[in-house]
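Observations on the three-dimensional arrangement
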Amino acid sequence: FIFIAPKAGSYYLQGNVTSNMFQGERAITLYIFTRQQQSMSEIEQIEIEKNATAALPPNEIKLEAGDEIAIVPVCKSFNIASDVVLTDFKVTDVAPK
């Protein structure tokens, strides 16, 4: 998933991520990055166990117009097959309550 900031400001991720693993036993790591003109910075890592759901962190992410938020699932071993599903997902410029 890639979000491109339409304007400068603070943004927040909301929602849940689920690992629907149908082969393998190891957790999947969900990385959240920001990407500015020539650099990337890791914001957060979330370990998602087999067939489990985790909430996205409510971190404030400061971006300039055109900067990106990238959400990337990574399997840290071979022989894993999984769907990674975002539910109730949104990116907002309003802080969660």
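In the block above lies the structure referred to throughout.
Quick caveat, the model's predicted, so the values are computed rather than measured. (Residues numbered from 1 in each chain as written. Predicted model: local features only at pLDDT ≥ 70, side-chain atom pairs only at ≥ 80, totals over all residues. Heavy atoms only, no water.)

Tallying each qualifying case throughout the model produces 2 salt bridges. A salt bridge links Asp93 to Lys7, with the nearest nitrogen and oxygen atoms 3.6 Å apart. Residue Asp93 is located in the segment after strand S8 (81-92), and its partner Lys7 is located in the loop between strand S1 (2-4) and strand S2 (9-23); the two are separated by 86 residues in the primary sequence. Relative accessible area serves as the criterion here: at 42%, Asp93 is assigned to the partly exposed category. We note a salt bridge from Arg35 to Glu68, for which the minimum N-O separation is 3.3 Å. (Salt bridge = Lys/Arg side-chain N within 4 Å of Asp/Glu carboxyl O. Helix = DSSP H or I, 4+ residues; strand = E, 2+ residues; numbered from the N terminus. Buried < 20%, exposed > 50% of the residue type's maximum accessible area, 1.4 Å probe, protein only.)

Moving on to the side chain of Ser19. Counting through the fold element by element, Ser19 comes out in strand S2. With residues near it in sequence (within four places) discarded, Ser19 still touches Ile28, Ile48, Glu49, Lys50, Asn51, Ala52, Ser82 and Asp83. (Contact = heavy atoms within 4.5 Å.)

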